[in-house]
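# Structure assessment
Okay, here's what each chain looks like letter by letter:
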Amino acid sequence: MGWNYRKRIRISKNSWINLSKRGASGSVRAGRFTLNSRGRSSIRLGKGLNYRGGCVSALAITVAITTILVRTASAAFTHIQAVATEAEV
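Residues numbered from 1 in each chain as written. Predicted model: local features only at pLDDT ≥ 70, side-chain atom pairs only at ≥ 80, totals over all residues. Heavy atoms only, no water.

Moving on to the environment of N14. Structurally, N14 can be placed in the loop between β1 (6-12) and β2 (15-20). Exposure remark for N14: the relative accessible area of 36% places this residue in the partly exposed category. Measuring from C-alpha to C-alpha, the distance between N14 and V28 comes to 5.7 Å, with 14 residues separating the pair along the chain. (Helix = DSSP H or I, 4+ residues; strand = E, 2+ residues; numbered from the N terminus. Buried < 20%, exposed > 50% of the residue type's maximum accessible area, 1.4 Å probe, protein only.)

Our next topic: a nonpolar patch on the surface. Judged by side-chain polarity, I9, I11 and I17 come together as a nonpolar surface patch covering roughly 250 Å² of accessible area. Mapped onto the fold, I9 is located in strand β1. (Patch = residues over 30% accessible without salt bridge, like charges linked within 9 Å, V, L, I, M, F, W, Y side chains within 5 Å. Areas by Shrake-Rupley, 256 points an atom, 1.4 Å probe, with all protein chains shown as cover. Salt bridge = Lys/Arg side-chain N within 4 Å of Asp/Glu carboxyl O.)

In this sheet, β2 lies alongside β1 in antiparallel orientation, the contact comprising six bridges. Its bridge partner lying in β2, I9 is registered against I17. Counting the residues between successive antiparallel strands, the hairpin from β1 to β2 contains two residues. (Pairing = 2+ DSSP bridges.)

Inspection of the entire model under this criterion finds zero aromatic pairs. Positioned over the ring face of W16 is R8, at 4.4 Å from the centre of the ring. (Phe/Tyr/Trp six-rings, centres within 6.5 Å; stacked < 30°, edge-to-face > 60°. Lys NZ or Arg CZ within 6 Å of the ring centre and 35° of its normal.)

Encoded structure:
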């Protein structure tokens, strides 16, 4: 098992500098999305669940899939609430 070192220095609320044995890099967060100065990207899918891709195109694909899943789940939940409300009446 190899040794790893990483330190994060916060610059502002949504940006920071990362220090590691490979050097320094910068990161910026916009909502659920994070983009690194080395071209890495990640998206927070939920509490404690992240997806990290190697390029912005992977992030775009992930965003599209996540958006579709969230909209589908939201529509299903709304439908279930409507059916439950009708059943109560």
